[in-house]
Amino acid sequence: LFFWKICRFKVLMAELKLTAEPQNGRTVLSSLYFTSPLKVAKPFYEDGQNPYTKVMVMQASAGLLEGDRNEISIKLMEGAKLEYTGQSFTKVFRSPEGIGSSQNVQIELLKNAAFIYSPMPVVPFTDSVYKGETCIKLSESSKLFYSDIFCSGRKERGESFNFKSYVSRCCIYIEEKLVFLDNARFVPNECALDSTGFFEGFSHTALIYLYGFELPDYSKLLSDQLLCAHSQCQKGVVLRAFANGAEPLRLFISSLSALCRK
């Protein structure tokens, strides 16, 4: 058993490093490196006056087990335009020993680079422990559409807020100055997350941060099943949306990003 644990924790650190830069009127991946179980599909190239190259990241495993760690590094060179998404939800399995799993994301945008970052949601299973760290460095002239969806668990199986701990921290810098910090720390044993002052009956939430993009009128995208509000940051705009499922939030983010790009 001891030998199995050593091997188990030795091989499950996955890495992804990519660099994007403009070439011949479109953005290409000038550098790409990844290790299993992370994989990157062939990029999708858009046509049009302001095309974005779309990168889809896949995880060729059942999900994140105890001790797993993802290390992701993304760099957009001057003038690059990239959209980043995933193929499927990332499942976080139970953590009997409390070690948990983690993901560290480092993003850098140089001058006039534009990035739409819309990863698939992370789903914490019962008794799971997860920690996510995202650090984004922008230049004054770059553009960022950042989104992150939190799921309370496998709701259809009655597992909402049954995880041990879920922590997701995002820091955004412009010219080395911190302009936005979000530190989501959800520990169900410490407080009733579905009560008043927290999720108030909702099971899913999305964080969206815009810099360099004009905030469009998104009122027509809302309904009784999806609520959203926004506020002005020191630099940029932050939105917080709530729903009772991941799909309404994903559709909202997709529609909002499409409006921002017009």
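All figures in this text were calculated on a predicted structure; none of them were measured in a lab.

*Asks:* How should the overall build of the protein be read in this particular structure?
*Replies:* The number of helices and strands found in the protein is two helices and 18 strands. Taking 18 Å as the expected radius of gyration for a compact globule of 262 residues, we find that the protein reaches 18 Å, a close match to that expectation. Taken over the C-alpha atoms alone, the protein extends approximately 55 × 45 × 35 Å along its principal axes. Going through the 262 residues of the protein one by one, you find that 49% of them count as buried. The contacts of the protein with a sequence gap of at least 6 include a subset with a gap of at least 24, amounting to 73%. Counting every atom, the protein has about 13,200 Å² of accessible surface; 51% of that belongs to carbon and sulfur. Between the mean site of the 30 positive side-chain charges and the mean site of the 27 negative ones, the protein shows a separation of 4 Å.

*Asks:* When you look at the sheet that holds strand E2 (residues 26–34) in this model, what are you seeing that I'm missing?
*Replies:* Either a parallel or an antiparallel arrangement is found when strands of a sheet pair, and the pairing is made through backbone hydrogen bonds. Taking strand neighbours across the sheet as the criterion, the seven strands line up as E2-E1-E6-E9-E12-E14-E15 in an open arrangement whose pairing is mixed. In this open sheet, the two strands that pair with only one neighbour each are E2 and strand E15 (177–186). Recorded for the sheet is a direction-independent mean angle of 10 degrees between the axes of neighbouring strands. Judged from the eight bridges that link them, strand E1 (residues 13–23) and E2 form a sheet pairing that is antiparallel.

*Asks:* How should I be thinking about the nonpolar core in this particular structure?
*Replies:* Grouped burial of nonpolar side chains is what soluble globular proteins tend to show. In this structure, Ile-74, Leu-76, Phe-115, Ile-172 and Tyr-209 are the most contacted members of the largest nonpolar core, which totals 35 residues. In terms of residue count, E1 provides more of this core than any other element does, four residues in total. If sequence neighbours within four positions are ignored, Phe-115 has contacts with Ile-74, Leu-76, Leu-82, Tyr-84, Ile-107, Leu-109, Lys-143, Leu-144, Phe-145 and Phe-213. Grouped together as the second largest cluster of nonpolar side chains are 25 residues, Ala-114, Val-123, Phe-213 and Ile-253 included.

Cut-offs used in this document
Residues numbered from 1 in each chain as written. Predicted model: local features only at pLDDT ≥ 70, side-chain atom pairs only at ≥ 80, totals over all residues. Heavy atoms only, no water. Helix = DSSP H or I, 4+ residues; strand = E, 2+ residues; numbered from the N terminus. Rg over C-alpha atoms; globule rule 2.2 N^0.38 Å. Buried < 20%, exposed > 50% of the residue type's maximum accessible area, 1.4 Å probe, protein only. Contact = heavy atoms within 4.5 Å. Areas by Shrake-Rupley, 256 points an atom, 1.4 Å probe, with all protein chains shown as cover. Lys, Arg positive; Asp, Glu negative; His and termini not counted. Charge placed at Lys NZ, Arg CZ, Asp CG, Glu CD. Pairing = 2+ DSSP bridges. Axes fitted to C-alpha atoms, helices over the stretch in contact; angles between N-to-C directions. Core = buried A, V, L, I, M, F, W, Y, C linked by side-chain atoms within 4.5 Å.

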